[in-house]
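Report on the structure
Chain by chain, the residues:
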Amino acid sequence: MNYTTSQLILFFSIVSLGTILTRVLPFVIFPEHKEIPKYIKYLADILPFTIIGMLVVYCLKNVSLLRVPFALPEIISIATITILHIWKKNTLLSIGGGALLYMILVQYVFVG
Amino acid sequence: MSLPNDNTNSKKAALLAAFPLTIPVLTGYLVLGAAYGILMNSKGFPILWSLVASIFIYAGSMQFVTVTLLAAGFDPIGAFLMTIAVNARHIFYGVSMLKQYRGLGMVKPYLIFALTDETFSIVCSAKVPEDVNAKWFYLFISLLNQSYWITGTVLGGLLGSMLTFNTKGIDFVLTALFVVILINQWRSTSNHLPAMIGIGSAILCRLVFGATNFIIPSMLTILVLVTLLKTPMERGKSQ
């Protein structure tokens, strides 16, 4: 680490402010007293359903179908989570079971 | 001395309703927070700086990016632009929460500040229980999640390389959380178009733009598609 304290304060403040900006922007544009336009209300209703799908892809962004192990740990784990969740409808079981299976797969089965 | 009153009771009810929803995040944030603390430690940053980052930035992927940025040299403007690019997806979270977060008073600024991927995925999909005050419910979800993240960071920074337990793959708990929320959403509606637009756009943009630059193109693609499909989608909803 070759930085002065003031450089680090400046650096972390900038990253903090940039992050806050991305989080606060919609609330600044549509403050409490202002009516939310119809189109934005429509987006607010529909976006949660699209973003979660985007987030799943975001989590898997570094997974390759073309390289060993051909995304098999991810495919097997997600398939298991899906079946487990539709069958037992227990969120913690599905998440815990899926993550545990994934750990076993990447630590012991698809060791590369 | 104080007698239990409605206020403390309603806070307790909100905490009890919020906590179980945050358990997957507890696991994920402790481990990823620790990974961040360990990484910062290994680059020679005293724990104070990891703590500052986890308190005031509180954005997982961005905090990992800061380590790379700091290794590359001091460039405040570059860091700012990178932050906007990495975190642009938060804008969608804000738009989605505009209605639910209205009228929540003093806690609202913190709720907005703490809107990470994981917190958003919970608050956007969880139904506030009938006897629970929405303000406290959202606040506890947000506060608990950040407390896990900070705890993980501190543990990682302090214990560092002393942790020998093989955690490889444990961060999949957050992927699993999003997958389960996706399944719940899918089953809660007969209109699967929005989910398919989200997944499809992201996969397409990931293939076209690569792993590091695909989120902003994905957001734009999603925006264009849901705007073009506004009329049929609203007609479907009213049926």
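See the structure above.
To start, this report covers the structure provided alongside it.

Cut-offs and rules
- Residues numbered from 1 in each chain as written.
- Chains lettered and ligands numbered in written order.
- Predicted model: local features only at pLDDT ≥ 70, side-chain atom pairs only at ≥ 80, totals over all residues.
- Heavy atoms only, no water.
- Contact = heavy atoms within 4.5 Å.
- Salt bridge = Lys/Arg side-chain N within 4 Å of Asp/Glu carboxyl O.
- Polar contact = N/O pair within 3.5 Å; in protein donor to acceptor, adjacent residues only side chain to side chain.
- Helix = DSSP H or I, 4+ residues; strand = E, 2+ residues; numbered from the N terminus.
- Nonpolar A, V, L, I, M, F, W, Y, C, P; charged D, E, K, R; others polar.
- Expected span 1.5 Å × (residues − 1).
- Buried < 20%, exposed > 50% of the residue type's maximum accessible area, 1.4 Å probe, protein only.

Next up on the list: the interface of chain A and chain B. Taken together, the contact pairs 70 residues of chain A with 96 residues of chain B. Where chain A meets chain B, there are two salt bridges. Of the charged contacts in the structure, one is a salt bridge between A:E32 and B:K108, with a shortest N-O distance of 2.6 Å. Counting the contacts that link chain A with chain B gives 24 residue pairs in polar contact (both at pLDDT 80 or more). Mapped onto the side of chain A that touches chain B, the elements with two or more residues apiece are α1 (5–29), α2 (38–59), α3 (72–88) and α4 (91–109) of chain A. When residues in the side of chain A that touches chain B are grouped by element, the largest group, 21 residues, is from α2(A). Here the residues of the side of chain A that touches chain B sort into 46 nonpolar, 16 polar and eight charged.

With that settled, consider helix α4 (residues 76–87) of chain B. Residues spaced three or four apart along an α-helix face the same direction, because each turn holds 3.6 residues. An ideal rise of 1.5 Å per residue puts 16 Å on twelve residues; α4(B) measures up with 16 Å between its terminal C-alpha atoms. Contacts made by the buried residues of α4(B) are with α1 of chain A together with α3 (60–72) and α5 (90–97) of chain B.

The subject of this paragraph is the pattern of salt bridges. Residue and element names in this part refer to chain B. According to the stated counting rule, one finds five salt bridges over all chains in the structure shown. Here E234 ties to K230 by a salt bridge, and the two come within 3.4 Å at their closest N and O atoms. A residue pair is termed a helical-turn pair when its members lie 3 or 4 positions apart in one helix, as E234 and K230 do in helix α12 (residues 230–238) at four residues.

Before going further, it helps to spend a moment on the side chain of B:S121. For B:S121, the position within the fold is in helix α7 (residues 117–125). For B:S121, a relative accessible area of 0% puts it in the buried group. Apart from residues lying up to four places away in sequence, B:S121 is in contact with A:I52, B:L177, B:F178 and B:I181.

For the bond running from A:V68 to A:P69, omega is 0°, close enough to zero to count as cis. With respect to the secondary-structure elements, A:P69 resides in the loop between α2 and α3. The backbone phi angle of A:A71 is positive, close to 60°, even though this residue is not glycine. Structurally, A:A71 is set in the loop between α2 and α3. Relative accessible area serves as the criterion here: at 6%, A:A71 is assigned to the buried category. In this model, B:Y58 sits at a positive phi of 45°, which is unusual for a non-glycine residue. Mapped onto the secondary structure, B:Y58 falls in the loop between α2 (47–56) and α3.

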